[in-house]
Every structure is written in structure tokens, then in C-alpha cells.
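Here is how the chains run, residue by residue.
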Amino acid sequence: MELIQVGKKTYYIKNPTNIGIYKINNNDVYLIDSGNDKDAGRKILKIMNEQGWTVKGIINTHSNADHIGGNKIISDRTGCDIYAYGIEQSFTQHTLLEPSFLYGGYPFKGLRNKFLMAKDTDTKPVENNLPEGLEYIVLKGHFFDMIGVKTSDNVLFLADSLFSEETIGKYHLFFIYDVRGFLETLDKLEEMDAAVFIPSHCEATENINALIRLNRDKINEIAETIFNICEKPVSFETILKQIFDRYSLVMNTNQYVLIGSTIRSYLSYLCDDGRLEYCFDDNKMLWQQIKNS
């Protein structure tokens, strides 16, 4: 973990999931997310101790385990409050919800892992609870009620509203709960101004326009790929296999639920857009193109 200053009061810890830091005075800080597990939390606390800082609060951009995994150890050791927005607050307090939502039922043991399920932590609503100098911005699409956080230094933490060129080039698909919401957030980002933008899984940058285009183009490509697979009636499992085969992805339990949930979101997007329809045949749900769509 590397501590980098990007404003008078704003820092971030460079990490697989970048951690934001905002100083509310000489000694006290708020964190933006807490890393993927207790080991990340320990490393964050070590950096805090080295700097002589005390964590007064954690703002979770959303409830995915790689963003809240350090919550418990940091809050246990510092007594800090944790803040989240909307549905993310419930998912952070009851982390069994994430693998249950992804799987669509009670998750078997293989899904109850730290990658999908952090430790439960109490949270408070982010609304009207942020210190002076911080504001939250709703960035829907990736998860239910994800937010970004902007600091008084004009630094904007973007959570998972953008994915890196490396991630897109390697995996092609990234988790999306609401495809239309994600695209609308990309449109929203194009109108935003900041001195520095910090997505959770990308390098900090002064310009996100190229990254926005890359994310939008890949979403449109995946949507067209799924649409073309549905030229004839096909089941969800057939679509899932063809996507994994086409992009040379390797199936495992985590990928099955994450990519599977994402493909269902694409199907919903294409259906609501009037391009796909579903039918039931021989007790199977099948997806197909709407003629002249």
C-alpha cells in the first residue's frame, strides 16, 4: 500500500481497491472505503499510526466486500462510525445479502467467502452526516445505491463507476447491476469537473473521457453480443456458456454468480429496451430477439 497526497487535505492509498483519505483537522481523518479484508484494514491502520492520524469515520461507496472488508477491524479498534447510502446500508449491516442476491437463494458454503461476503458492521446513513468539506454523489449502475465522494480539494472518488483498460481488456465483462443506470452514470461523469478523478480500480487521473468511452463501448459490445446470441430462442445457461467461451473466461463459483447476475442484467436491459423477449417452452425460459428490433 502506497500513500499518495492529491490535495491539501486529500490523500489516497494505492491498492487493488483504492482507499480515500480526507483530513478534517491535523489529527483526524475520514476514510473512503476500507479495502477487501481484515488484512487490508490492518495495513490501513498501520499507515494511520505512522502518520499520527485517527480514523473518525468510514464512508462506504457501496457494499461489495472489496470495499467494506476492512470496516470491522478498523471500527473495532478506533470506534469510528461507518456511513453508507440507501440499500448499501442494509447490505453492509447484513452482508449475507450479497451472495444471496447474486445466487438468487441461500448461498451454499462455496459462495459464503470473503470475496463476496465481508463481516457485518453497523452503519449510519450518509445523508446529513458528512463533515464539512465532503459531499456524496449518487452513481447508480454498478450496484444498488453506489455513491462517489468529492472533497474540498476538488478530488472526486468514483468508486466502481469506471473500470480500467487493463480490466476490460483481460475480462471484458465487469459486474453491473443496472445496465441502463451504469450508462446514465457514464453520461453524468462526462459533465463532472474535478482536479483529480480516482476510480476504485484505476490509476488516478485528471481526465476520464477516454475511460468513459472505453467503458461505454464495451457495455454496448456485450449487449450486442448477447442480442446476437439470442437470434434463436436460447436459455440463460446457454447464453452464459457462450459468453464465457467467446471471451475465454474460466468458470468458478464466484464468476458464475457475478457474471451470471451481470448477464441477467443485460437481458433485462435488452428486454426493457424492446429488443429481446422471453417465452416458456417445455418448462424452460428462453430468450429471443424481437423481430424488426
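Residues numbered from 1 in each chain as written. Predicted model: local features only at pLDDT ≥ 70, side-chain atom pairs only at ≥ 80, totals over all residues. Heavy atoms only, no water.

1. Some words on the packing of helix α1 (residues 38-51) against helix α3 (residues 71-78)
Note the threshold: To get an axis, fit a line to the C-alpha atoms, keeping to the stretch in contact for a helix; angles then go from 0 to 180 degrees between the N-to-C directions. By the criteria applied, helices consist of DSSP H or I runs no shorter than four residues and strands consist of E runs no shorter than two, each listed in order from the N terminus. Roughly parallel here means an angle under 35 degrees, roughly antiparallel means over 145, roughly perpendicular means 65 to 115, and every remaining angle is called oblique. Every residue pair with non-hydrogen atoms within 4.5 Å of one another is taken to be in contact. Three classes are used, and their members are as follows: Ala, Val, Leu, Ile, Met, Phe, Trp, Tyr, Cys and Pro are nonpolar, Asp, Glu, Lys and Arg are charged, and the others, Gly among them, are polar.
Between α1 and α3, the shortest axis-to-axis distance is 7 Å and the interhelical angle comes to 45°. In terms of orientation, α1 and α3 fall into the oblique class. For the pair formed by α1 and α3, the contact residues are K38, G41, R42, I44 and L45 on the first element and I73, I74, R77 and T78 on the second. The residue makeup of the contact of α1 with α3, split by class, is 4 nonpolar, 2 polar and 3 charged.

2. Focus on the pattern of salt bridges
Under the convention used in this document: Salt bridge criterion: a side-chain nitrogen from Lys or Arg within 4 Å of a carboxyl oxygen from Asp or Glu. Burial classification: accessible surface area is computed with a 1.4 Å probe over protein chains only, and a residue below 20% of its type maximum counts as buried, one above 50% as exposed, and the rest as partly exposed.
For the structure on display, the rule yields 13 salt bridges. Among the ionic pairs, E50 bridges to K46, the shortest N-O distance being 2.6 Å. Residue E50 and its partner K46 are both found in helix α1; the two are separated by 4 residues, about one turn of the helix. The class for E50 is exposed, based on a relative accessible area of 52%. Close ionic contact of R180 with D273 constitutes a salt bridge, the shortest N to O distance being 3.4 Å. Here D273 lies in the loop between α10 (253-272) and β13 (276-281) and R180 lies in helix α7 (residues 179-190), a separation of 93 residues in the sequence. Taking relative accessible area as the criterion, D273 reaches 40% and is therefore assigned partly exposed. Overlapping salt bridges, with partners in common, bring together D187, E190 and R216 in one network.

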